[in-house]
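# A look at the structure
These are the residues of each chain, in order.
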Amino acid sequence: MWLQKPIKLRVRPRGFHLVSDEILEALPELSTINVGLLHLFLQHTSASLSINENADSSVRRDMEAHFNQLAPEDAPYFEHIYEGADDMPAHIKSALLGCEISLPIAQGRLQLGLWQGIYLGEHRNNASARTLIATLNGE
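Residues numbered from 1 in each chain as written. Predicted model: local features only at pLDDT ≥ 70, side-chain atom pairs only at ≥ 80, totals over all residues. Heavy atoms only, no water.

### Some remarks on helix α2 (residues 57-70)
The end-to-end C-alpha distance of α2, which contains 14 residues, comes to 20 Å, matching closely the 20 Å that a straight helix rising 1.5 Å per residue would cover. Taken as a whole, α2 has its buried residues at Arg60, Met63, Glu64 and Phe67. Looking straight down α2, one finds its buried side chains confined to an arc of 95 degrees; they lie on one side. What points out from α2, more than 90 degrees from its buried face, is the exposed set Arg61, Asp62 and Gln69. (Helix = DSSP H or I, 4+ residues; strand = E, 2+ residues; numbered from the N terminus. Expected span 1.5 Å × (residues − 1). Buried < 20%, exposed > 50% of the residue type's maximum accessible area, 1.4 Å probe, protein only. Arc of directions from axis to C-beta.)

So this is what it looks like as C-alpha coordinates:
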(Lines give C-alpha, C1' and ligand atoms only; values in the text may rest on other atoms or scores of the structure.)
Protein backbone atom coordinates (compact mmCIF):
# COMPACT_ATOMS: atom_id res chain seq x y z
CA MET A 1 0.00 0.00 0.00
CA TRP A 2 1.23 3.45 -0.94
CA LEU A 3 -0.37 6.75 0.01
CA GLN A 4 0.94 10.27 -0.44
CA LYS A 5 -0.72 13.48 0.65
CA PRO A 6 0.10 17.02 1.74
CA ILE A 7 -0.33 18.11 5.35
CA LYS A 8 -0.61 21.82 6.00
CA LEU A 9 0.67 22.60 9.49
CA ARG A 10 -0.79 25.57 11.32
CA VAL A 11 1.26 28.77 11.54
CA ARG A 12 3.66 28.84 14.47
CA PRO A 13 5.99 31.46 15.90
CA ARG A 14 9.74 31.15 15.62
CA GLY A 15 11.13 28.26 17.68
CA PHE A 16 10.91 24.49 17.95
CA HIS A 17 7.44 22.94 18.15
CA LEU A 18 6.08 19.44 18.72
CA VAL A 19 3.92 18.56 15.71
CA SER A 20 3.49 14.80 16.23
CA ASP A 21 -0.20 15.00 17.15
CA GLU A 22 -1.06 17.38 14.30
CA ILE A 23 0.59 15.02 11.82
CA LEU A 24 -1.11 11.93 13.24
CA GLU A 25 -4.52 13.64 13.12
CA ALA A 26 -3.98 14.23 9.40
CA LEU A 27 -3.06 10.57 8.77
CA PRO A 28 -5.92 8.31 9.93
CA GLU A 29 -4.71 5.77 7.31
CA LEU A 30 -1.62 5.09 9.43
CA SER A 31 -3.74 3.01 11.84
CA THR A 32 -4.37 0.43 9.09
CA ILE A 33 -0.68 -0.34 8.53
CA ASN A 34 0.71 -3.41 10.27
CA VAL A 35 4.31 -2.81 9.19
CA GLY A 36 5.63 0.10 7.15
CA LEU A 37 7.24 3.51 6.94
CA LEU A 38 6.12 7.11 7.11
CA HIS A 39 8.30 9.55 5.23
CA LEU A 40 7.77 13.27 5.92
CA PHE A 41 9.23 15.91 3.60
CA LEU A 42 9.00 19.61 4.47
CA GLN A 43 8.59 21.78 1.36
CA HIS A 44 10.45 24.79 2.73
CA THR A 45 14.03 26.08 2.99
CA SER A 46 13.70 28.13 6.17
CA ALA A 47 12.22 25.52 8.51
CA SER A 48 13.28 22.03 9.58
CA LEU A 49 12.07 18.63 10.78
CA SER A 50 13.74 16.56 13.47
CA ILE A 51 13.04 14.11 16.27
CA ASN A 52 13.80 15.00 19.84
CA GLU A 53 12.54 15.22 23.45
CA ASN A 54 8.75 15.33 23.74
CA ALA A 55 8.26 15.85 27.48
CA ASP A 56 10.31 18.81 28.70
CA SER A 57 9.60 22.06 26.85
CA SER A 58 12.91 23.52 28.05
CA VAL A 59 14.63 21.30 25.46
CA ARG A 60 12.82 23.19 22.69
CA ARG A 61 13.78 26.55 24.19
CA ASP A 62 17.41 25.43 24.58
CA MET A 63 17.46 24.22 20.97
CA GLU A 64 16.27 27.64 19.81
CA ALA A 65 18.87 29.42 21.96
CA HIS A 66 21.68 27.17 20.71
CA PHE A 67 20.83 27.48 17.03
CA ASN A 68 20.49 31.26 17.38
CA GLN A 69 24.08 31.32 18.65
CA LEU A 70 25.23 28.95 15.93
CA ALA A 71 23.62 30.95 13.10
CA PRO A 72 23.24 34.53 14.36
CA GLU A 73 21.28 37.25 12.60
CA ASP A 74 23.10 40.17 10.98
CA ALA A 75 26.39 38.34 10.47
CA PRO A 76 28.52 40.80 8.47
CA TYR A 77 29.55 38.14 5.93
CA PHE A 78 25.98 37.26 4.82
CA GLU A 79 25.17 38.28 1.26
CA HIS A 80 21.64 36.88 1.14
CA ILE A 81 19.90 39.58 3.18
CA TYR A 82 17.02 40.61 0.88
CA GLU A 83 14.30 38.90 2.92
CA GLY A 84 15.36 40.11 6.36
CA ALA A 85 17.97 39.47 9.02
CA ASP A 86 16.40 36.13 10.01
CA ASP A 87 16.36 34.65 6.49
CA MET A 88 19.96 33.48 5.95
CA PRO A 89 20.22 32.05 9.48
CA ALA A 90 16.96 30.20 8.77
CA HIS A 91 18.48 28.60 5.66
CA ILE A 92 21.54 27.51 7.64
CA LYS A 93 19.42 25.98 10.42
CA SER A 94 17.28 24.16 7.85
CA ALA A 95 20.39 22.78 6.12
CA LEU A 96 21.89 21.59 9.41
CA LEU A 97 18.75 19.96 10.79
CA GLY A 98 17.21 18.78 7.53
CA CYS A 99 13.78 18.83 5.96
CA GLU A 100 12.83 15.15 5.97
CA ILE A 101 12.50 12.20 8.32
CA SER A 102 11.44 8.55 7.96
CA LEU A 103 9.69 6.74 10.78
CA PRO A 104 8.87 3.05 11.22
CA ILE A 105 5.27 1.95 11.69
CA ALA A 106 4.15 -1.22 13.52
CA GLN A 107 0.61 -2.29 14.40
CA GLY A 108 -0.80 1.04 13.23
CA ARG A 109 1.48 3.24 15.35
CA LEU A 110 4.64 5.22 14.82
CA GLN A 111 7.52 3.51 16.58
CA LEU A 112 8.85 6.61 18.30
CA GLY A 113 10.61 6.11 21.61
CA LEU A 114 8.80 7.01 24.83
CA TRP A 115 10.42 10.47 24.99
CA GLN A 116 10.54 11.20 21.25
CA GLY A 117 8.40 13.60 19.26
CA ILE A 118 8.46 15.19 15.82
CA TYR A 119 9.75 18.77 15.86
CA LEU A 120 9.05 21.51 13.40
CA GLY A 121 11.87 24.02 13.63
CA GLU A 122 10.35 27.34 12.60
CA HIS A 123 13.31 29.56 11.84
CA ARG A 124 11.58 32.70 10.51
CA ASN A 125 10.15 35.52 12.61
CA ASN A 126 6.98 35.85 10.51
CA ALA A 127 6.42 32.52 8.82
CA SER A 128 3.37 31.28 6.97
CA ALA A 129 1.80 27.84 7.23
CA ARG A 130 4.24 25.03 6.45
CA THR A 131 3.43 22.09 4.18
CA LEU A 132 4.66 18.53 4.57
CA ILE A 133 4.37 15.77 2.02
CA ALA A 134 3.55 12.57 3.89
CA THR A 135 4.25 9.27 2.15
CA LEU A 136 2.96 6.08 3.77
CA ASN A 137 4.15 2.69 2.62
CA GLY A 138 3.24 -0.60 4.23
CA GLU A 139 0.89 -3.51 4.57
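### Considerations on the pattern of salt bridges
In this structure the tally under the stated criterion is eight salt bridges. Notably, a salt bridge pairs Glu29 with Lys5, separated by 3.2 Å at the nearest N-O pair. Pair noted here: Glu29 is in the loop between α1 (20-25) and β3 (35-42) and Lys5 is in strand β1 (residues 2-9), with a separation of 24 residues, a long-range link. The partner of Arg130 in a salt bridge is Glu122, with the nearest N and O atoms 2.8 Å apart. The exposure classification of Arg130 matches that of Glu122, with both residues buried. (Salt bridge = Lys/Arg side-chain N within 4 Å of Asp/Glu carboxyl O.)

### Considering the packing of aromatic side chains
Two numbers describe a pair of aromatic rings. These are the distance of the centres and the angle of the planes. All told, the structure shown has three aromatic pairs when counted by the stated rule. Relative to Phe67, the ring of Phe16 has its centre 6.0 Å away and its plane inclined at 40 degrees; by these criteria the two rings are tilted. Taken together, the residues Phe16 in strand β2 (residues 15-18) and Phe67 in helix α2 connect sequence positions 51 residues apart. Pairing Phe16 with Tyr119 gives two aromatic rings, centres 6.2 Å apart and planes at 55 degrees, and the pair type is tilted. Of this pair, Phe16 sits in strand β2 while Tyr119 sits in strand β7 (residues 116-122), placing them 103 residues apart in sequence. With respect to class, Phe16 is no different from Tyr119; both count as buried. (Phe/Tyr/Trp six-rings, centres within 6.5 Å; stacked < 30°, edge-to-face > 60°.)

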